Amino acid sequence: LGIDETRVGGLVSLFGFIMGPAILAAGFATDAIDKRWVIVVGGGVMTGSMVVLALARRYGQALLGVLLLSGGWSVLVNVTNVLTAPALQGTHSPAFAFNLLNVFFGLGALVTPLLSAGLIRQAGYTAGLVALALLILPPAAIALHVQHDSLDPAIGMIAGARDLLGNPMVWLLGIALCFYGPLESSVAAWATTYLSDQGL
């Protein structure tokens, strides 16, 4: 794209800016419709975003790709969080279920960039990103064949909103995430630049 670090920062900031409203909208969608289709839509949007980024040759196109990436990611993270505890219901506690989910999340965060770098080095940027985009589709296809009571739409999704917003634990966790999220994205985005500046 031939852009400077300020514009790279703009792409990173756009991802975070869109994430908040996208997760809120995804939450209503997850409650209102068949959760399998939420996974399919989220996977489809993420796949599309990767293709847009692979083909982007101008900054505006990259912005669109990041916008779609943030939206698709928000949908997927929302529905997977909702389905984690019911997936292991009756065999393990919700804490165990979420910890197990985060093990996979952490494993993906470690392995995916390494594999992506190797793939892009071998196949080239465009082909590499398209190949990565196609890896997002199998979970969406598998989701269509899952039959489970926990996937049924929830009833009365807005009825408890007042109780939820009045719960101090919700605010505590929200504040923690408000500070954690930018820290995570900043470290992820600027670690390479910082280490390069230090001669590493």
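Owing to the predicted nature of the structure, the values given are computational and were not obtained by experimental measurement. (Residues numbered from 1 in each chain as written. Predicted model: local features only at pLDDT ≥ 70, side-chain atom pairs only at ≥ 80, totals over all residues. Heavy atoms only, no water.)

### Things to note about the overall build of the chain
Part 1: Helix and strand counts for the chain stand at eight helices and zero strands.
Part 2: Helices and strands appear in the chain in the N-to-C order α-α-α-α-α-α-α-α.
Part 3: With the C-alpha coordinates of the chain rotated into their principal frame, the extents come out at 50 × 40 × 30 Å.
Part 4: Here the chain holds 200 residues, and 24% of them are scored as buried.
Part 5: Partitioning the intrachain contacts of the chain with sequence separation of at least 6 by distance along the chain shows that 73% fall at a separation of at least 24.
Part 6: For the chain, the accessible surface area stands at approximately 12900 Å², while carbon and sulfur atoms represent 72% of it.
Part 7: On the chain, the mean spot of the 7 positive side-chain charges and the mean spot of the 9 negative ones are 10 Å from each other. (Helix = DSSP H or I, 4+ residues; strand = E, 2+ residues; numbered from the N terminus. Buried < 20%, exposed > 50% of the residue type's maximum accessible area, 1.4 Å probe, protein only. Contact = heavy atoms within 4.5 Å. Areas by Shrake-Rupley, 256 points an atom, 1.4 Å probe, with all protein chains shown as cover. Lys, Arg positive; Asp, Glu negative; His and termini not counted. Charge placed at Lys NZ, Arg CZ, Asp CG, Glu CD.)

### Examining helix α1 (residues 5-32)
Part 1: The terminal C-alpha atoms of α1, which comprises 28 residues, lie 40 Å apart, in line with the 40 Å expected from a rise of 1.5 Å per residue.
Part 2: The sharpest bend along α1 reaches about 35° and sits at Met 19, with the proline Pro 21 one to four residues further on.
Part 3: Turning to α1, its buried residues number three or more, namely Gly 9, Leu 11, Ile 18, Ala 22, Ala 26 and Thr 30.
Part 4: In this structure, the buried residues of α1 make contact with α2 (35-55), α3 (59-87) and α8 (168-197).
Part 5: At the N-terminal end of α1, a side-chain oxygen is found 3.1 Å from the backbone nitrogen of Arg 7, two or three residues along, and the residue is Asp 4. (Expected span 1.5 Å × (residues − 1). Bend = angle between axes of the 7 residues up to and from the residue. Polar contact = N/O pair within 3.5 Å; in protein donor to acceptor, adjacent residues only side chain to side chain.)

### A short note on the packing of aromatic side chains
Part 1: A complete count under the given rule lists one aromatic pair for this structure.
Part 2: Of note, Arg 7 hangs over the ring of Tyr 59, and the distance from its end group to the ring centre comes to 4.5 Å. (Phe/Tyr/Trp six-rings, centres within 6.5 Å; stacked < 30°, edge-to-face > 60°. Lys NZ or Arg CZ within 6 Å of the ring centre and 35° of its normal.)

### Overview of the confidence of the model for the chain
Part 1: Taken residue by residue, the chain gives an average pLDDT of 83. The fraction at 70 or more is 92%.
Part 2: Model confidence for the chain, summarised as mean pLDDT per element, is weakest for helix α7 (residues 161-165) at 74 and strongest for helix α5 (residues 125-135) at 91. (pLDDT = per-residue confidence, 0-100.)

### What about the packing of α2 against α3?
Part 1: Where α2 meets α3, the axes come as close as 8 Å, and the angle between the chain directions of the two elements is 155°. In terms of orientation, α2 lies roughly antiparallel with respect to α3. Judged by the twist between their axes, the crossing of α2 over α3 is left-handed.
Part 2: A breakdown of the residues in the contact of α2 with α3 according to their chemical character gives 19 nonpolar, six polar and one charged. (Axes fitted to C-alpha atoms, helices over the stretch in contact; angles between N-to-C directions. Parallel < 35°, antiparallel > 145°, perpendicular 65-115°, else oblique. Left-handed = near helix turned anticlockwise from the far one by under 90°. Nonpolar A, V, L, I, M, F, W, Y, C, P; charged D, E, K, R; others polar.)

### A closer look at the environment of Leu 100
Part 1: In this structure, Leu 100 sits in helix α4 (residues 94-123).
Part 2: When the C-alpha atoms of Leu 100 and Thr 84 are compared, they prove to be 8.9 Å apart, with 16 residues separating the residues in sequence.

### Regarding the packing of α1 against α8
Part 1: In contact at an axis separation of 11 Å, α1 and α8 are set at 155° when each is read in the N-to-C sense. Accordingly, the angle class assigned to the pair α1 and α8 is roughly antiparallel. Regarding α1 and α8, the two cross each other, and that crossing is right-handed. Taking contact as the criterion, the partners of Glu 5, Val 8, Gly 9 and Val 12 in α1 are, on α8, Ser 185, Ala 189, Trp 190 and Thr 193.
Part 2: Tallied by class, the residues present in the contact of α1 with α8 amount to four nonpolar, three polar and one charged.

### Observations concerning the nonpolar core
Part 1: Formed by 22 residues in total, the largest nonpolar core has its most connected members in Ile 39, Met 50, Leu 53 and Leu 129.
Part 2: Among the elements that take part in this core, α3 stands out by supplying eight residues, more than any other.
Part 3: Those residues in contact with Ile 39 that sit more than four places away from it in its chain are Leu 76, Val 79, Leu 83, Pro 139, Ala 140 and Ala 143. (Core = buried A, V, L, I, M, F, W, Y, C linked by side-chain atoms within 4.5 Å.)

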